[in-house]
Amino acid sequence: MRRYVSVAGGLARRLLDLFISSPALFIPPLLMPIFFFTAFAGGLSAVDNTPGFDYPGGYTAFEFGFVLLQAAAFGGVFTGFSIAADFQFGFGRRLLLATPHRSALIVGYGIVALVRAAITLGVVTAIGLAAGMNVLGSGVDLVGMYGLAAIVNVAGTLFAAGVALRFRSLQATPLMMVPTFLFLFLAPVYVPRDLLAGWVGAVSDYDPATHIMETGRELLAGQPADFLAALAIALGLVALLGVFAIRGLRQAEAAG
Amino acid sequence: MSPTARYKPSLLIQIRELARRSIMRTVRQPASIVPATLFPLILLAINSSGLDATTEIPGFPTDSYVTFALAFAFLQAGVFAVVGTGQNLAEDQVNGFFSRLQLTPIRPAALVAGQLAGTLALGLFQASSYIAVGLIAGGSIEAGIPGALVLIALATLITLAFGSIGLIAGMRASTPENVQGIFPVLFVFLFMSSMALPRDLIQTDWFRTVATYNPVSYMIEGIRSLLITGWDGEALALGFGFATVILVIALTVATASIKSRMVRA
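Keep in mind that this is a model prediction, so the values were computed, not measured. (Residues numbered from 1 in each chain as written. Chains lettered and ligands numbered in written order. Predicted model: local features only at pLDDT ≥ 70, side-chain atom pairs only at ≥ 80, totals over all residues.)

S.K.: Can you tell me about the overall build of chain A, naming the residues and giving the values?
M.R.: Within chain A, the regular secondary structure consists of 10 helices and 0 strands. Starting at the N terminus and ending at the C terminus, chain A contains elements arranged as α-α-α-α-α-α-α-α-α-α. Since a compact globule built from 256 residues should have a radius of gyration of about 18 Å, the 19 Å found for chain A is in line with a globular shape. Dimensions of chain A, computed from the C-alpha atoms along their principal axes, are close to 60 × 35 × 35 Å. Within chain A, the proportion of its 256 residues that are buried is 51%. A separation of at least 24 residues holds for 82% of the contacts in chain A among residues at least 6 apart in sequence. (Helix = DSSP H or I, 4+ residues; strand = E, 2+ residues; numbered from the N terminus. Rg over C-alpha atoms; globule rule 2.2 N^0.38 Å. Buried ≥ 20, exposed ≤ 12 C-beta atoms within 10 Å, placed from the backbone. Contact = placed C-beta atoms within 7 Å.)

Given below as structure tokens:
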């Protein structure tokens, strides 16, 4: 167990050191959710006046519910880029040779993704509060909301790791980004679900992100939320994508 | 000196040969064409469905959000033009094509025009695709068929202007991957504009101010005027004007960068 933790921790420390020495690797992914939050909350604030828009926290808080999940999921996806780069340039192969319990590698990358998402969410939250975002939920509600985001981050990492370990090339980055982008944007990003029109309205009912996003927004607004259902969905994603990631790891091992 | 060594092809021939290479290179890269064309369409589909309710805000200029949002697709194509053109030029530097060119009597102007030919071809394809898909999805062009032609002209000018920025990025990048780094920065300009709502309906003061000073707003509004209003001389003049200014500045800087790179040999 100590060796397992040592491998995961060592790998995480290496990547975090890399981010400190090369901010160009860390800053663009950090900026993305900030841009989305600023652009949507600022540029679309008039959506507040749309007939039927009844979110009690206002439009900035409503968009925070989306950016929370985006920052969490993309924290995992961008870590998948690092996995792909490590394997493309041979470091991943050396890691496999040096590690007895190879799932520790995924855990190590997962720690990096969590740190990355925590920093991004901290910045986005600070911007939201500075912009006058209404937080109507209690402390417990907020713990639940950030907890859901952390689980989505793990799911995002596992998905990106599964793709990265199968392709072991940076050329697979669109395969990590596009499904995650669709997962998020097929949920009610701009308006509540009952105001969605057309095909997105129909598809969003079946998008797991919809239920997690809505629960996050309800918790932020201090409204009654079906937290357990959202938790079950998020953990279900982690379980499914965990299998996907482990099978990807086996493929990377088999490829040598 | 042999007759072959003395031969110096005219500027037109130089441009033609480099343009052919650039267009063939673009056509042979479906991995570049498909995302650059499809991604704006996916975002159009999602946004037009997700933001359809905003057409009920008093003062919204149309009851079709597809028509309103269509203009944004053309600007996104411009962002892909920056990255595509920049990456191609950076690749030419990394793989030695540029160094080989330095041994020839090639002129920087030919190099710039040639590199932009592929961007222009892709831009024309994208503009035609967006108009076709927009009309199929229920959008309309208030200015009619002549308006569609002007729209293609404006979209192409915008693509060339952004492509020229890509040339600058490509000249300054040490690797093609580095060009990707400017992608989020460009998205700031796109999102901090009147892309999602008309400027007079943006309630947040600072955002409206940023959108007013952002040239992207005027390019979007130029295209949007043809789709929604019909013939609006002021919006078109601002759209064409800003695109031309960006094109001229970016071409001047890019040509100067290429000239200095050619001298360094």
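S.K.: Describe the overall build of chain B, and please don't skip the residues or the numbers.
M.R.: If you tally the helices and strands in chain B, you get 12 helices and 0 strands. Traced from its N-terminal end to its C-terminal end, chain B shows the element sequence α-α-α-α-α-α-α-α-α-α-α-α. Principal-axis analysis of the C-alpha atoms places the extent of chain B at approximately 75 × 35 × 35 Å. Counting across all 265 residues of chain B, residues that qualify as buried make up 48%. Residue pairs at least 24 apart in sequence account for 81% of intrachain contacts in chain B once pairs closer than 6 positions are excluded.

S.K.: Can you lay out the interface of chain B and chain A for me, pointing to particular residues and giving the numbers?
M.R.: The partner chain A presents 28 residues to the 23 residues of chain B that form the contact. Of all the elements in the fold, those that place two or more residues in the side of chain B that touches chain A are helix H3 (30-50) and helix H9 (183-191) of chain B. Classifying every residue of the side of chain B that touches chain A by side-chain character gives 15 nonpolar, 6 polar and 2 charged. (Nonpolar A, V, L, I, M, F, W, Y, C, P; charged D, E, K, R; others polar.)

S.K.: Tell me about the confidence of the model for chain B, residues and numbers included.
M.R.: Of all residues in chain B, 95% attain a pLDDT of 70 or more, and the chain-wide mean is 87. For this predicted complex, the interface confidence comes out at an ipTM of 0.71, alongside a pTM of 0.79. (pLDDT = per-residue confidence, 0-100.)

S.K.: Which residues make up helix H4 (residues 65-94) of chain B, and what are the values?
M.R.: All names here are of chain B. The terminal C-alpha atoms of H4, which comprises 30 residues, lie 44 Å apart, in line with the 44 Å expected from a rise of 1.5 Å per residue. Most of H4 is tucked away: 27 of the 30 residues are buried. Gly96, located one to two residues past H4, shows a positive phi value of around 90°. (Expected span 1.5 Å × (residues − 1).)

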